[in-house]
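Here is how the chains run, residue by residue.
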Amino acid sequence: MNAKPKPMESLLSLFSFFFVLLYSFLLLSVKVTLAGGANTSGDVLKGKENPFSPKAYLMRYWDKTVSKNSPKPHFLLSKASPLNAVETATYSKLAEQKTLSSVLPSFCSSAKLFCFPDLSPSLEKHGADANFAVYENKNFTNYGTAGLGGVNSFKNYSEDGNVEVDSFRRYSRDSAGHNDKFSAYASHSNVVDDSFNTYGTGATGGAGDFKSYNREVNVPNLRFTSYSDAGNGRAQTFSSYTENTNSGGESFSSYGKNGNGLPNEFMSYAKESNVIQSNFTSYGEAGNAANDTFKSYGSDGNVPEQNFKSYGDGGNSGIESFTSYNPQSNVGANNFKSYAKSSNTEKVNFANYQEDFNSVSHKFSGYGENADGQKIGFKVYGPDRSFKDYAKTGVTFASYSKSGSGSASGSSVNKNNNKWVEPGKFFRESMLKTGTVMPMPDIRDKMPQRSFLPRAIVSKLPFSSSNVNVLKEIFHASENSSMESIIKDALSECERPPSKGETKRCIDSAEDMIDFATSVLGNSVTLRTTQNVQGSKQNIMIGSVKGINGGKVTQSVSCHQSLFPYLLYYCHSVPKVRVYEADLLDPKTKAKINHGVAICHIDTSAWSQTHGAFLALGSGPGRIEVCHWIFENDLTWTIVDRMV
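Residues numbered from 1 in each chain as written. Predicted model: local features only at pLDDT ≥ 70, side-chain atom pairs only at ≥ 80, totals over all residues. Heavy atoms only, no water.

> I would appreciate a short explanation of the overall build of the protein chain in the present structure.
Within the protein chain one finds 11 helices and 30 strands. Among the 644 residues that make up the protein chain, the fraction classed as buried is 50%. For the protein chain, long-range pairs separated by at least 24 residues make up 75% of all intrachain contacts whose partners lie at least 6 apart in sequence. Carbon and sulfur atoms make up 50% of the accessible area of the protein chain, which amounts to about 28,000 Å² in all. (Helix = DSSP H or I, 4+ residues; strand = E, 2+ residues; numbered from the N terminus. Buried < 20%, exposed > 50% of the residue type's maximum accessible area, 1.4 Å probe, protein only. Contact = heavy atoms within 4.5 Å. Areas by Shrake-Rupley, 256 points an atom, 1.4 Å probe, with all protein chains shown as cover.)

Set out below in structure tokens:
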């Protein structure tokens, strides 16, 4: 007996049938018109593109909006949606009906979007000892429950991937003497979303070892919720955890709650990472004889932010040691709120805490509140700390000293601060001369590949913070997930007020980008981008150089990608710049390997003193010009070069 089709499936089938009839009729009409000698876009005339595709529409829009002396840009056309006319009409109707989320997997696949897979619980059975190698995108639910002894090894798991989503829920619950090893887990991947929910709950003995976990990941989002809750004597070690990662976050919520004798060690955690946020909320709450060690935590980090909220709340006889915490870090923040609140004989040692730093703020609010017999040791602790409402009763300060270099100020920057800026990322205009050998930064695009959505679809999606829940529903973004953070971060940046003298807009369609560029520069425009990524992370030699518009100071519109499910650009007008194109050569063979586009900002007076350009080049705002290359998949719009 055949199953009855679902109402939504019937509606889609009926709609698609009628649209195909209409599409066929229109296509026949176009062919007849073309046979009659109609003047239409050259690419469509030659039969290279279906006249009803988003790319064909974009070509016609370019012809209508931009001056005829501007050739169609292959770069922009390559970003057009791959959807065909029927798919565009179908998904547009679903967006209008607010039911697009019901077909998200097919929508993401067809439209070439960035979406996380919807994981279903794993019902696979494994023996006491399991080795997961070359494994990815799985949900481990109730795995290892009540296990006795044995070892589970996750080695090279989710390695070298693009979008990795792994969920460990109630993993190793009530186990005894069971060891878990996460070695080289999700290393060298792009966007990683890992969640450990009630991992090791009620476990006795055994150990969890996270070694080289999420190393060199671009956008990590790691969540440990109620990890080792009510555990007994189970050790957790985080070694080389999220080392060399970029722009993400880790959260530990109710980690080790009600635990007994749980030693946790964070060694080389988030070392040399960029813009990483770590949140420890109710970590070790009501724990007994906890022993936590943070050694070389956040070492050499750039803009790190660590938040310890209600850490060790109600703990008994615990020991927390911070050794070489955040050494050599740059422009970040550490917040300790209600740390060790209502604890009993808690011992906290800060040794070499935040030594030799630059512009990192620290706040201790309600630290040790209502504690009994607590001892806090600060040894070689950095300067300028804020101890707000610090509980004096029951708390002893031992060996507190102030050291460190303090925040950067004035027109010069510590010569060692340029270690946070990749060589060649910023350079002076004088370097753009034939024969100059200079380092090229990593200009490769590290974001997931995506396409623009057709205007017919994207115009029906509510792009605003006030409608964030609608966007979350469409793209299946659960609470505290990576996708939720990605959506919120993009909306926040797009809704940020423009800087002084800046005109900005977030662009979610190719047609919108054309509109914005022409509104600023006029309709005689062209876009420029670096040809390829050859020369990245190595020395290059400058070949022939050409200044756009005769090398005169001009205005441009620069567009940079933002991480979002569909292709989204942050575009802004850039006044008082000079734009250059240059052949890039191999320094040894002198062979041409790339054709680069560089933009030199002549007026830097509104830039921050701590901007990476000044860390790398010295000097300060308004005192020097700063140049940089246009990276892969970024671009700059200028007027058509009058010197051509």
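> It is not clear to me how the pattern of salt bridges should be interpreted in this structure. Could you clarify?
Any two side chains of opposite charge can pair, so long as their charged atoms come close to each other. Enumeration over the complete set of coordinates arrives at 15 salt bridges. The partner of arginine 455 in a salt bridge is aspartate 512, and the shortest N-O contact between them spans 2.6 Å. Within this pair, whereas arginine 455 is found in helix α7 (residues 455–458), its partner aspartate 512 is found in helix α10 (residues 510–521), the two being separated by 57 residues in sequence. Judged by relative accessible area, which is 21%, aspartate 512 ranks as partly exposed. Through salt bridges with shared partners, a single ionic network connects Lys472, Glu479, Glu484 and Lys488. (Salt bridge = Lys/Arg side-chain N within 4 Å of Asp/Glu carboxyl O.)

> Hey, could you run me through the nonpolar core in this one?
For soluble globular proteins, the rule of thumb is that nonpolar side chains tend to be buried together. Ranked by size, the top nonpolar core spans 35 residues in total, and within it Leu100, Phe107, Leu113, Leu453, Phe475 and Ile487 carry the most contacts. Those elements giving two or more residues to this core turn out to be α5 (85–96), α6 (104–111), α7, α8 (468–474), α9 (482–494) and β27 (568–585). Sorting elements by how many residues they give to this core places α9 first, with six residues. What isoleucine 487 contacts, discounting residues up to four positions off in sequence, is Val468, Leu471, Lys472, Phe475, Ala477 and Phe564. Within the second largest apolar cluster, 28 residues are counted, among which are Ala56, Leu58, Ile514 and Leu635. (Core = buried A, V, L, I, M, F, W, Y, C linked by side-chain atoms within 4.5 Å.)

> When you look at unusual backbone geometry in this model, what are you seeing that I'm missing?
With the exception of glycine, most residues fall at negative phi, and the peptide bonds are largely trans. Positive phi, close to 55 degrees, is recorded for lysine 576, a residue that is not glycine. Within the secondary structure layout, lysine 576 lies in strand β27. Here the phi dihedral of serine 619 falls at roughly 65 degrees; this positive angle occurs in a residue that is not glycine. Here serine 619 is to be found in the loop between α11 (612–617) and β29 (626–629).

> Would you mind going over the packing of aromatic side chains with me for this structure?
Enumeration according to the criterion identifies 10 aromatic pairs in this entry. Measuring from ring centre to ring centre gives 5.4 Å for phenylalanine 427 and tryptophan 629, while their planes differ by 40 degrees; the resulting arrangement is tilted. Here phenylalanine 427 is found in the loop between β21 (395–398) and β22 (437–440), whereas its partner tryptophan 629 is found in strand β29, with 202 residues between them in sequence. You can call tryptophan 629 buried: its relative accessible area is 3%. Taken together, the aromatic side chains of Phe463, Phe475, Phe564 and Tyr566 make up a single cluster linked through ring pairs. (Phe/Tyr/Trp six-rings, centres within 6.5 Å; stacked < 30°, edge-to-face > 60°.)

> Would you mind going over α10 with me for this structure?
Turn by turn, an α-helix covers 3.6 residues, leaving residues three or four places apart pointing in a common direction. In a regular helix each residue adds 1.5 Å, so 12 residues correspond to 16 Å; α10 covers 17 Å between its end C-alpha atoms and thus fits that length. Those residues of α10 that sit buried are Ala510, Glu511, Met513, Ile514, Phe516, Ala517, Thr518 and Leu521. (Expected span 1.5 Å × (residues − 1).)

> Teacher, can you tell me more about the state of the cysteines here?
Should the sulfur atoms of two cysteines be covalently bonded, the bond is a disulfide. The final tally for this structure, using the stated rule, is four disulfides. Cysteine 494 shares a disulfide with cysteine 506; S-S distance 1.9 Å. On the S-S bond that ties cysteine 494 to cysteine 506, the torsion sits near -95 degrees, and the link is left-handed. Taken together, the positions of cysteine 494 in helix α9 and cysteine 506 in strand β23 (residues 504–507) put the pair 12 residues apart, joining distant regions of the chain. Side by side, cysteine 494 and cysteine 506 carry an identical accessibility label, which is buried. Residue cysteine 559 pairs covalently with cysteine 571 via a disulfide, S to S 2.1 Å. Because the torsion about its S-S bond is 115 degrees, the bridge between cysteine 559 and cysteine 571 counts as right-handed. With cysteine 559 in strand β26 (residues 554–562) and cysteine 571 in strand β27, this residue pair connects regions lying 12 residues apart in the sequence. Residues cysteine 559 and cysteine 571 agree in their burial class; the two are buried. Disulfide partners in the protein chain, listed by the sequence order of the bonded cysteines, are 1-2, 3-4, 5-6, 7-8. (Disulfide = S-S within 2.5 Å.)

> How should I be thinking about the pairing of strand β28 (residues 592–601) in this particular structure?
Looking down a regular strand, the side chains alternate between one sheet face and the other. Counting buried positions along β28 yields seven of 10 residues, so the element is predominantly enclosed. Sheet topology places β27 next to β28; nine bridges connect them, and they run antiparallel. Across the sheet, residue valine 579 finds its bridge partner in β28, namely isoleucine 599. Connecting the antiparallel pair β27 and β28 is a turn made up of six residues, with lysine 590 showing a positive phi of about 65 degrees. The sheet contact formed by β28 and β29 spans four bridges and is antiparallel. Each residue of the ladder has a partner; that of cysteine 600, found in β29, is cysteine 627. (Pairing = 2+ DSSP bridges.)

> Just checking my understanding: could you explain the environment of arginine 455 for this structure?
By relative accessible area, arginine 455 is classed as partly exposed at 24%. For the pair arginine 455 and leucine 58, spaced 397 residues apart in sequence, the C-alpha separation works out to 10.0 Å.

> Could you clarify how one ought to interpret the side chain of threonine 529 in this entry?
Within the secondary structure, threonine 529 sits in the loop between β24 (525–528) and β25 (538–547). At a separation of 2.6 Å, a polar atom in the side chain of threonine 529 contacts the main-chain carbonyl oxygen of aspartate 634. (Polar contact = N/O pair within 3.5 Å; in protein donor to acceptor, adjacent residues only side chain to side chain.)

> What is the right way to look at the pairing of strand β30 (residues 635–639) in this model?
Across the five residues that make up β30, a large majority, five, are buried. Where β26 meets β30, three bridges bridge the pair, whose relative direction is antiparallel. Directly across from valine 557, in β30, lies its bridge partner tryptophan 637.

> Hey, could you run me through the packing of helix α3 (residues 54–65) against α10 in this one?
Helix-helix packing is characterised by the crossing angle of the two axes and by the distance between the axes. Relative to each other, α3 and α10 sit at 15 degrees, their axes nearing to 10 Å. By the angle between their axes, α3 is roughly parallel relative to α10. Viewed along their axes, α3 and α10 form a crossing whose handedness is right-handed. Counted together, Tyr57, Leu58, Tyr61, Trp62 and Thr65 of α3 and Ala510, Glu511, Ile514, Asp515 and Thr518 of α10 form the full contact between these two elements. For the contact of α3 with α10, the class distribution of residues is six nonpolar, two polar and two charged. (Axes fitted to C-alpha atoms, helices over the stretch in contact; angles between N-to-C directions. Parallel < 35°, antiparallel > 145°, perpendicular 65-115°, else oblique. Left-handed = near helix turned anticlockwise from the far one by under 90°. Nonpolar A, V, L, I, M, F, W, Y, C, P; charged D, E, K, R; others polar.)

> Where do I start with the confidence of the model for the protein chain in this structure?
Any segment with low pLDDT has predicted coordinates that should not be analysed in fine detail. Confidence in the prediction for the protein chain averages 75 pLDDT; 52% of positions are at 70 or higher. With pLDDT under 50 throughout, residues 7–12 is counted as low confidence; its partners more than four residues away or in other chains account for six contacts. Under a pLDDT of 50 for its full length, residues 391–416 has, in the predicted model, 66 contacts with residues more than four places off or in other chains. (pLDDT = per-residue confidence, 0-100.)

> Could you clarify how one ought to interpret the environment of serine 70 in this entry?
Looking at the secondary structure, you find serine 70 in the loop between α3 and α4 (74–78). Residues serine 70 and threonine 526, 456 residues apart in the sequence, show an inter-C-alpha distance of 6.1 Å. In this structure serine 70 touches Trp62, Ser524, Val525 and Val640, once residues within four positions along its chain are discounted. A distance of 2.7 Å separates the side chain of serine 70 from the backbone oxygen of valine 525, its partner in a polar contact.

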